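These are the residues of each chain, in order.
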Amino acid sequence: MKRIIENDFLKVTIDDHGAELVSIYDKEKDREVIWQGDPKFWGRHAPVLFPNVGKHYNNHYRIHGQEYASKQHGFARDTDFTCIDSTPDSVTHQIRSTEDTRKVYPFDFVLRIRHILKGRTLTVSEGDMYFAIGGHPAFNVPVLPDTKRSDYRLTFNGQDSLTYLLLDPETGTAKADEEATLKLENGTCQIDDHMFDHDALIFDNQIEKAGIAFPDGTPYLELTCHRFPNFGIWSVPGSSFVCLEPW
């Protein structure tokens, strides 16, 4: 079931399946902000990544000598959540540990995801736990007529440059010894057509705010994230979306 919260500015839709944000419709501009999941490129919208972000090496991990199988980005994104609270401006979803989850993640837990809409700001919050969690929202780029993705720019919070890692395609884990530099001009950089030829760009302990600017430099959207040490930026070459991912 899909839950809707809205005000004079935005209409936001969240699916019970995965507690996934599937739409942010801008009423004033008459446009959809969230990628609508063309399976030719990527069939999701903004999945919740839990209890792991990315892959474990060789798709398994060990805790206290016990080996557990794992899959990329965990199981929450493919789990039906229960809606435990709904108001005109917020929706709260929840899942709990089960016998099946303990086979791949040996902890008892309660995970709550709350979406709150105030004005033109959508806030997603969750509680503290021993876990990994990440957001994976895909935003429509380009969004204006007669523009292309490379006309848009990534925006950051005043940095001159950022360092990032790429992923090893064989293991799905980061190449920790191959750090690269993303040079910025006035805190921004072009979304280059070949930026994601080698998958995601992974930034450690550098980003609390990132956004996307229109071709004329004015803001399209901005994502603020606190207490997320890692940040991924990803897309599929040739597609028309960009993911901003706090991990």
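As the structure is a computational prediction, the values presented were derived from the model and not from experiment. Along each chain, the written sequence defines residue order, and numbers are assigned to residues from 1. Where totals are concerned, whole chains, interfaces and linings use all residues; where local detail is concerned, this predicted model gives features only for residues with pLDDT of at least 70, and gives and counts side-chain atom pairs only at 80 or more. Water and hydrogen atoms were dropped before computing side-chain values, which therefore reflect all heavy atoms in the structure.

Visitor: What exactly am I supposed to notice about the overall build of the chain here?
Guide: A count of helices and strands for the chain gives one helix and 22 strands. Here the chain has a C-alpha radius of gyration of 18 Å; the compact-globule value for 247 residues is 18 Å, and the two agree. With respect to the three principal axes, the spread of C-alpha positions in the chain is 55 × 50 × 35 Å. Contacts were defined at the residue level, with two residues in contact if any of their heavy atoms lie within 4.5 Å. Taking the intrachain contacts of the chain between residues at least 6 apart in sequence as the baseline, contacts between residues at least 24 apart amount to 57%. Just so you know, the count uses Lys and Arg for positive and Asp and Glu for negative, and it drops His and the chain ends. All charge positions are set by atom: Lys at NZ, Arg at CZ, Asp at CG, Glu at CD. Put simply, the chain has 26 plus and 38 minus side-chain charges, and the middle of one group is 4 Å from the middle of the other. Counting from the N terminus, the helices are DSSP H or I runs at least four residues long and the strands are E runs at least two residues long. The globule rule is 2.2 Å times the number of residues to the power 0.38, and the radius of gyration it is compared with is taken over C-alpha atoms.

Visitor: How do you make sense of the environment of Asp 151 when you look at a structure like this?
Guide: Following the sequence through the fold, Asp 151 ends up in the loop between β13 (138-140) and β14 (153-156). In this structure the C-alpha to C-alpha distance between Asp 151 and Pro 215, which are 64 residues apart in sequence, comes to 5.1 Å.

Visitor: Would you take a moment to explain the sheet that holds β14 for this structure?
Guide: Strand pairing within a sheet occurs via backbone hydrogen bonds; the two strands may be parallel or antiparallel. Two strands qualify as a pair provided that DSSP identifies no fewer than 2 bridges between them. Spatial ordering of the open sheet is given by β17-β14-β19-β20, a layout of four strands whose pairing is antiparallel. Both outer strands of the open sheet, β17 (188-190) and β20 (219-224), are each paired with one neighbouring strand and no more. For this sheet, the mean angle separating the axes of adjacent strands, direction not counted, is 20 degrees. Bridge count for β14 against β17 is three bridges, and the pairing is antiparallel. Every angle, taken between N-to-C directions, lies between 0 and 180 degrees, and every axis is a line fitted to C-alpha atoms, over only the stretch in contact when it is a helix.

Visitor: Can you help me understand the sheet that holds strand β4 (residues 31-32) in this one?
Guide: Strand order across the open sheet formed by four strands is β1-β2-β3-β4, with antiparallel pairing between neighbours. Edge strands, defined here as strands with exactly one partner in the open sheet, are β1 (2-6) and β4. The sheet contact formed by strand β2 (residues 10-15) and strand β3 (residues 20-26) spans six bridges and is antiparallel. Considered in β3, the bridge of Lys 11 is made with Tyr 25.

Visitor: So what exactly am I meant to see when it comes to the packing of aromatic side chains here?
Guide: Ring pairs (aromatic) are described by centroid distance and by the angle formed between their planes. Centres within 6.5 Å are what make two rings of Phe, Tyr or Trp a pair, Trp counting through its six-membered ring; a difference in plane orientation under 30 degrees is then read as stacked, over 60 as edge-to-face, and the rest as tilted. The full count for this structure, using the stated rule, is 17 aromatic pairs. Taken together through their ring pairs, the aromatic side chains of Trp 35, Phe 41, Trp 42, Trp 234 and Phe 241 make up a single cluster.

Visitor: Would you mind going over the pairing of strand β22 (residues 241-246) with me for this structure?
Guide: For a regular strand, the rule is simple: side chains alternate between the two faces of the sheet. For every residue, the accessible area (1.4 Å probe, protein chains only) is compared with the maximum for its type, and the residue is labelled buried under 20%, exposed over 50%, or partly exposed between those bounds. In terms of burial, β22 is a largely internal element, six of the six residues being buried. By the alternation rule, side chains of β22 split into Phe 241, Cys 243 and Glu 245 and Val 242, Leu 244 and Pro 246, which are all buried. Both β13 and β22 contribute to a ladder of three bridges, which runs antiparallel. Its bridge partner lying in β22, Phe 139 is registered against Val 242. In terms of strand pairing, strand β21 (residues 230-234) meets β22 through four bridges, oriented antiparallel. If you follow Ile 233 over to β22, its bridge partner there is Leu 244. Count of turn residues in the β21/β22 antiparallel hairpin: six residues, of which Gly 238 carries a positive phi of about 90 degrees.

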